[in-house]
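Architecture and fold: a report
Okay, here's what each chain looks like letter by letter:
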Amino acid sequence: MVAMQTTELIDKAAADAFIQLAKTVDKFERYEHPHAQRIAVIADEIALEFHLARHDRGSLYAGALLHDLGEVAMERDYIQATGPLSVEERLDLSRHPVIGEREASRVGADRAAQLLVRWHHEWWNGAGYPDALRREEIPLAARILRVVDSYVALTDARPFRAALTVEAARRELIDRAGIEFDPSVVNVLLALEALPELESFAKPERDEPGEQPPATEGRGWNMFSSFSS
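To start, this report covers the structure provided alongside it.

**Examining the side chain of Arg146**
Examined against the element boundaries, Arg146 turns out to sit in helix α8 (residues 140–154). Here Ser150 takes part through its side chain, which lies 2.8 Å from a polar atom of the side chain of Arg146.

Pasting the structure below:
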């Protein structure tokens, strides 16, 4: 499913190394399908729509691949658990963007990519973490990463919930535009067409009304959004 055209945005050796790290993170988070690579492809399509410069696209590509590297560095068993997180666990997990920023530096990502890792959980309304940035204080690339990370996570199965359909995931983005997400980024993602990475991994039997749990059930948004949601 995942196209590889984004690998041309940075040095090949770095791209190969970051992809391998992304696969390690995906495995740790128990994604059955490519997660970070899907994000990188979709985010770059959105970046093109916003006419981001090539070097900014390269930083976004690296940031997408490395965005959850901090979770692996933390090595917490609860990240792979099927039940809800405790308050203490949520607070602990909220440290992963800062730890990820450090790890991204250690593996050679540029400073812009490091900051995207740090800020990929910032919210449009200022309720995110770690720095409570709001609106245009959040760099556009970080706002793109926030939206795409959420969409890709919603459309793949997690240990604590089934994958949502494309339609259900799109509704979640619309409902949280102007709260968690930059509405302009949401609009661009919703307008994308013929991109295989946008497809959902929801199983057919989950598509029947009433059989698919909402995204807010259990841990839902809490696993990849602000713990204050």
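**Overview of the packing of helix α2 (residues 36–49) against α8**
Here α2 crosses α8 at 135 degrees, and the two axes come no closer than 9 Å. Taken together, the axes of α2 and α8 are oblique relative to one another. For the element pair α2 and α8, the recorded crossing hand is right-handed. Residues Arg38, Ile39, Ile42, Ala43, Ile46 and Ala47 of α2 pack against Ile144, Leu145, Val148, Asp149, Tyr151 and Val152 of α8. Along the lines of polarity and charge, the residues of the contact of α2 with α8 split into 10 nonpolar, no polar and two charged.

**Let's talk about the nonpolar core**
Within the largest apolar cluster, 53 residues are counted, with the highest numbers of intra-cluster contacts made by Ile42, Ile46, Leu60, Tyr61, Leu65, Val148 and Leu189. Within the residue set of this core, elements represented by two or more residues are α1 (12–28), α2, α3 (54–66), α7 (111–119), α8, α9 (166–176) and α10 (183–191). For this core, the leading source of residues is α8, giving nine residues. Beyond its immediate chain neighbours, meaning those up to four positions away, Leu60 contacts Ala43, Ala47, Leu116, Ala141, Ile144 and Leu145. Counting seven residues, the second largest nonpolar core, distinct from the first, contains Phe28, Met74, Tyr78 and Leu85.

**Digging into the pattern of salt bridges**
As enumerated under the stated definition, the model contains 13 salt bridges in all. With a shortest N-O distance of 2.8 Å, Lys12 and Asp16 are connected by a salt bridge. Remark: Asp16 and Lys12 occur in helix α1; sequence separation between them is four residues, near one turn of the helix. With a relative accessible area of 60%, Lys12 lands in the exposed category. With relative accessibility at 35%, the residue Asp16 sits in the partly exposed group. The shortest N-O distance in the salt bridge between Asp92 and Arg95 comes to 2.9 Å.

Definitions and limits used
- Residues numbered from 1 in each chain as written.
- Predicted model: local features only at pLDDT ≥ 70, side-chain atom pairs only at ≥ 80, totals over all residues.
- Heavy atoms only, no water.
- Helix = DSSP H or I, 4+ residues; strand = E, 2+ residues; numbered from the N terminus.
- Polar contact = N/O pair within 3.5 Å; in protein donor to acceptor, adjacent residues only side chain to side chain.
- Axes fitted to C-alpha atoms, helices over the stretch in contact; angles between N-to-C directions.
- Parallel < 35°, antiparallel > 145°, perpendicular 65-115°, else oblique.
- Left-handed = near helix turned anticlockwise from the far one by under 90°.
- Contact = heavy atoms within 4.5 Å.
- Nonpolar A, V, L, I, M, F, W, Y, C, P; charged D, E, K, R; others polar.
- Core = buried A, V, L, I, M, F, W, Y, C linked by side-chain atoms within 4.5 Å.
- Buried < 20%, exposed > 50% of the residue type's maximum accessible area, 1.4 Å probe, protein only.
- Salt bridge = Lys/Arg side-chain N within 4 Å of Asp/Glu carboxyl O.

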